[in-house]
Amino acid sequence: GLFSLCWILFLTGWLNCSAQNLVPNPGFENFTGSPTGAGQLNKATPWVSLGATPDLFAPQVSLPINPCDAVGTPVNVGGYAQVRNGGNAYAGIAIDPFNNTREYVSSPLTVTLTANDLYRVEFWILLADSSRYAVNRIGAYLSNGAPLQAGNGVINFTPQIEFTSFANDTADWIYVTGIYQATGTENYITIGCFRADNSPLFQKVDLGIKNSGCSDFDAAAYYYIDDVVVKPVNELVKIDGDSVLCPGDVLNLFSTVNVPFWWSDSNNPTDTLSTLPILVATPNVPTTYYLNGILKIDSVHVTFVNPPIVNLGPDTLLCKNDSVLLDGFAPDIVTYNWSTGDTTSFIHVKDTGVYYIEVLNT
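What counts, and at which threshold
Residues numbered from 1 in each chain as written. Predicted model: local features only at pLDDT ≥ 70, side-chain atom pairs only at ≥ 80, totals over all residues. Heavy atoms only, no water. Pairing = 2+ DSSP bridges. Helix = DSSP H or I, 4+ residues; strand = E, 2+ residues; numbered from the N terminus. Axes fitted to C-alpha atoms, helices over the stretch in contact; angles between N-to-C directions. Salt bridge = Lys/Arg side-chain N within 4 Å of Asp/Glu carboxyl O. Buried < 20%, exposed > 50% of the residue type's maximum accessible area, 1.4 Å probe, protein only.

A. Main features of the sheet that holds strand 17 (residues 251-257). Strands sit in the order 15-17-19 across an open sheet of 3 strands; the sheet is antiparallel. Looking at the sheet topology across the chains shown, the edges are occupied by strand 15 (237-240) and strand 19 (278-281). The sheet shows a mean angle of 25 degrees between the axes of neighbouring strands, taken without regard to direction. The pairing of strand 15 with strand 17 spans 4 bridges and is antiparallel.

Printed below as a string of structure tokens:
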């Protein structure tokens, strides 16, 4: 007999959250006046510089003589950089990978974060065409008040959200995101590189000689920043898939999540089975599987049902005009499907032929 399983496929992946963005002026679009040169991030209120002087890129009234002061959009001292998602502005920071000098952009949040709540932090970065270097470890730091920067030095705090790979794309904006659980004091976000030149985590790559005429680009890594978001997350951790198998069947469990997650099972609940959206397994005993989020856990217990046993008897010879009863009944069978189209547990046949039945016990 046949044992039937019905698999329902659910779309798996990060779910978009429509909660309110707690970062004011997230795309630097609202500014008090067109920038006339470098170092004018403060025109995009309430964004501020902390010590060094990051840049605001927006349409300029006239092209300045000094190459470093060409901070228009989309063409500027860094090359060509289209605004990521509409509007006409973005910020820019220089990272000197040899002299421990850094630029940061910082802004107050509209509200203080709530203790133990989860928040999605996201922003976009793009390496300038004229940037001599590319680096890793660009991140976002959430804090109580704006962090202090001594001159243009490194801010020695560990960012909660960090892009660990080299950000070396000069054509397409790079998405940086992560989930953060708040302590309840955070009311500022600061973006930049929080790793010192001699940090084993910090790395740089030389992209070759550049000729922008501006040292911030020719001797440093320069990144544009756009669309900064901090928004609450209502954690969703859910498993979909069948929990009853035939012995030897392959199990497929589908995750629906909006936070980082990992799979485990009742044999080793603290060990990671997988971090893929779909868990594929072949259990041989009843097992509980867990989908572990940050604060929430969903589980499913997988059991087994043996296939139904049907015996229609041996092949039979009939005399003309005789008939024979073919009986497929079994107490655990739910559905009968005969080759004749009948759906009862038994049929009478009198014609020569091969007859078969498919049965389902679930």
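That covers the picture; the talk isn't over yet.
B. Representation of the pattern of salt bridges within the structure. The final tally for this structure, using the stated rule, is 6 salt bridges. Among the charged side chains, a network of salt bridges with common partners joins Arg-137, Glu-162 and Arg-195.

C. How the structure looks around unusual backbone geometry. Look at the link from Thr-45 to Pro-46: it is a cis peptide, with omega at 5 degrees. The residue Pro-46 is located in the segment before strand 1 (55-57) in this model. Look at the link from Thr-73 to Pro-74: it is a cis peptide, with omega at 0 degrees. Following the sequence through the fold, Pro-74 ends up in the loop between strand 1 and strand 2 (75-76). Of note, the phi angle at Asn-25 is positive, near 50 degrees, even though the residue is not glycine. Within the fold, Asn-25 resides in the segment before strand 1. Its identity is not glycine, yet Arg-137 carries a phi of approximately 65 degrees, on the positive side. The topology assignment puts Arg-137 in the loop between strand 8 (133-135) and strand 9 (138-143). On the basis of relative accessibility, which here comes to 15%, the residue Arg-137 falls in the buried class.

D. Structural detail: the sheet that holds strand 20 (residues 287-292). Read from one edge of the open sheet, 4 strands run 16-21-20-18, paired in mixed fashion. Every other strand in the sheet has two partners, leaving strand 16 (244-245) and strand 18 (262-265) as the edge strands with one partner each. As paired strands, strand 20 and strand 21 (residues 297-304) are joined by 6 bridges and run antiparallel to one another. Residue pairing in the sheet places Asn-292 in a bridge with Ile-297 of strand 21.

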